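The primary structure of each chain is shown beneath.
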Amino acid sequence: ETNKFDGLIVNDINFVSNLNFTNKNLLNNYSVNFKNVNSRGENSNNFKEGTDNKLLAEYIFNSSLPLFKKGEDYNSFFTPKLSFRFSPTETRNISADDLRVDYANLFSSNRISLDDTLEGGESITLGSEYSLRNKQDEEKINFSIGQIFRKNENEDLPKVSSIGNKRSDFIGDLKFTPNDIINFNYSFSADKNMENLNYNLIKTEISYNNFLTSFNYLKSENIFGEKSHISNNTKFKFNNQNSISLGTSKNLDKNLTEYYDLVYEYENDCLVAAVEYKKNYYSDADLKPDENIFFSIKITPFGKINTPSVK
């Protein structure tokens, strides 16, 4: 695929108003975004042939109602949220792009995470956040959930995210930190009727003294495609300078271990030296497992040097 050229220049003008409390205790603000997209393509898969110029615009209004309840041991925070956005301009066709929207960016101005397009049409995003904090203001529980509503379906937005549908999936996140040892995080996406969970991502971290281990479990289906993975990273520090760690991942659909990473590391104020053993597995019958051992030195702040791998 030779003789191809993609050229892109994007100019943005963004205005964000100050937050304003109304006499009904609503916290409001709005933003106006203008985007000038200039592209040039030659035999391009991404842009029109030749030069193309577009002026895009978007208006976003945000409103929330922060509520607070004081308890003897814990304080509770509950915040219903609303976001209205309107753009009279078209959306570039990104329906096939693998762009998932989670709760962390559900209410952000650029939730599709692209610089050269905006969400066309109008939508309303409704959600709520609940947080439980102790008297030291340490968050123990946080639960957030939201959904997007549209008058007309936007077929140009990513199918995998469902945000272009008249009713998107319920998109949520749960964080649970009962103490200094355990940290639990669960991100999910459930279909609009709450009948099926299309996306599940569980992250658990356990830290005790010099021992740290984390597990990630991913299961997705339907619009997200059939995927199921589990991975683990475990690290033990013998002291402030010496540690050993092991990382591994397994594809549960194919019952296949994907890799092993075993690392011994020495660290002081100015350098990090490590001996690393890596073994990768493949499901393709034409490819064989790849096994390497190499030595690396990282000098702060100059960079990292690796020896050639030994197979």
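A. Broad picture of the overall build of the protein. The secondary structure content of the protein amounts to one helix and 18 strands. Each principal axis of the C-alpha atoms in the protein carries an extent, and together these give about 70 × 60 × 45 Å. Considering the protein as a whole, with its 311 residues, one finds that 34% of them fall into the buried category. Sequence separation of at least 24 residues holds for 43% of the intrachain contacts in the protein that already meet a minimum separation of 6. Accessible surface for the protein amounts to roughly 19,100 Å². Of this, 53% is attributable to carbon and sulfur atoms. Separation between the mean location of the 36 positive side-chain charges and that of the 43 negative ones in the protein comes to 3 Å.

B. Representation of the environment of Val-16 within the structure. Mapped onto the secondary structure, Val-16 falls in strand S1 (residues 5–16). Owing to a relative accessible area of 53%, Val-16 belongs among the exposed residues under this scheme. Each residue touching Val-16, except ones within four places of it in the same chain, is listed here: Asn-29, Tyr-30 and Ser-31.

C. Structural context of the layout of surface pockets. The calculated volume of the largest pocket comes to roughly 280 Å³. Surrounding the largest pocket, 21 residues form its lining, Asn-33, Glu-58, Ile-60, Ser-109 and Asn-110 being those nearest its centre. If you list the elements that add at least two residues to the lining of the largest pocket, you get S1, strand S3 (27–42) and strand S4 (50–64). Tallying contributions element by element places S3 first for the lining of the largest pocket, with four residues. Its residues assigned to classes, the lining of the largest pocket comprises six nonpolar, nine polar and six charged.

D. Spatial organisation of the packing of aromatic side chains. Counting across every chain of the model gives seven aromatic pairs. Plain terms: the ring middles of Phe-143 and Phe-188 are 6.4 Å apart, the flat faces sit at 15 degrees to each other, and that makes the pair stacked. Taken together, the positions of Phe-143 in strand S8 (residues 139–150) and Phe-188 in strand S10 (residues 182–190) put the pair 45 residues apart, joining distant regions of the chain. In this structure Phe-143 comes out as partly exposed when scored by relative accessible area, which is 33%. Classification of Phe-188 by relative accessible area gives buried; the value is 9%. Geometrically, the ring pair formed by Phe-236 and Phe-238 is edge-to-face, given 5.2 Å between the ring centres and 85 degrees between the ring planes. An aromatic cluster is built from Phe-15, Tyr-30 and Tyr-59, whose rings are joined through pairwise contacts. Taking the ring centre of Phe-107 as reference, the NZ or CZ of Lys-81 above it sits at 4.6 Å.

E. Representation of the side chain of Ser-296 in the model. Mapped onto the elements of the fold, Ser-296 is located in strand S17 (residues 290–299). For Ser-296, a relative accessible area of 3% gives the class buried. Among the polar contacts made by the side chain of Ser-296, one reaches the side chain of Glu-276 at a distance of 3.2 Å.

F. View of the pattern of salt bridges. Taken as a whole, this structure holds 14 salt bridges when the rule is applied. For the salt bridge of Lys-81 with Glu-129, the shortest nitrogen-to-oxygen distance reads 3.2 Å. Residue Lys-81 is found in strand S6 (residues 74–87), and its partner Glu-129 is found in strand S7 (residues 121–134); the two are separated by 48 residues along the sequence. For Lys-81, a relative accessible area of 24% puts it in the partly exposed group. You can call Glu-129 partly exposed: its relative accessible area is 25%. Of the charged contacts in the structure, one is a salt bridge between Glu-119 and Arg-111, with a shortest N-O distance of 2.6 Å. One exposure class covers both Glu-119 and Arg-111, and it is buried.

Cut-off values and rules
- Throughout this document, residue positions are counted from 1 along each chain, in the order its sequence is written.
- The model is predicted, so local features are restricted to residues of pLDDT at least 70 and side-chain atom pairs to those at 80 or more, both for listing and for counting; the totals for chains, interfaces and linings are taken over all residues.
- Side-chain numbers here rest on the full set of heavy atoms in the structure, without hydrogens or water.
- A run of DSSP states H or I qualifies as a helix once it reaches four residues; a run of E qualifies as a strand once it reaches two. Both are numbered from the N-terminal end.
- The rule is simple: take the accessible area with a 1.4 Å probe, protein chains only, and divide by the maximum for that residue type; under 20% is buried, over 50% is exposed, in between is partly exposed.
- Note on definitions: a residue-residue contact is assigned when non-hydrogen atoms from the two residues lie within 4.5 Å.
- In these tables, accessible area is a Shrake-Rupley quantity obtained with a 1.4 Å probe, and a residue counts as shielded only by the protein chains included in the view.
- As used throughout, the charge tally considers Lys and Arg to be positive and Asp and Glu to be negative, leaving His and the chain termini uncounted.
- Here the site of a charge means atom NZ of a Lys, CZ of an Arg, CG of an Asp or CD of a Glu.
- In this analysis the probe radius is 1.4 Å and the grid spacing 1 Å, with only protein atoms considered; a cavity is a set of points the probe fits into but cannot get out of, a pocket is an open set with protein on both sides within 12 Å along at least five of seven lines, and lining residues have an atom within 4 Å of a point.
- Grid points are joined across faces, edges and corners, and a volume is the space filled by probe spheres set on the points.
- Charged means Asp, Glu, Lys or Arg here, nonpolar means Ala, Val, Leu, Ile, Met, Phe, Trp, Tyr, Cys or Pro, and polar covers whatever is left, Gly included.
- A pair of aromatic rings is counted whenever rings of Phe, Tyr or Trp (Trp by its six-membered ring) have centres within 6.5 Å, and the orientation is called stacked for planes under 30 degrees apart, edge-to-face for over 60 and tilted otherwise.
- By definition, being over a ring means that NZ of Lys or CZ of Arg is both within 6 Å of the ring centre and within 35 degrees of the ring normal.
- By the criterion applied in these results, polar contacts are pairs of N or O atoms within 3.5 Å in which, for protein atoms, one can donate a hydrogen and the other can accept it, and in which residues neighboring in sequence qualify only through two side-chain atoms.
- What counts as a salt bridge is simple: a side-chain nitrogen of Lys or Arg found within 4 Å of a carboxyl oxygen of Asp or Glu.

By themselves, these observations are geometric and do not establish any function.
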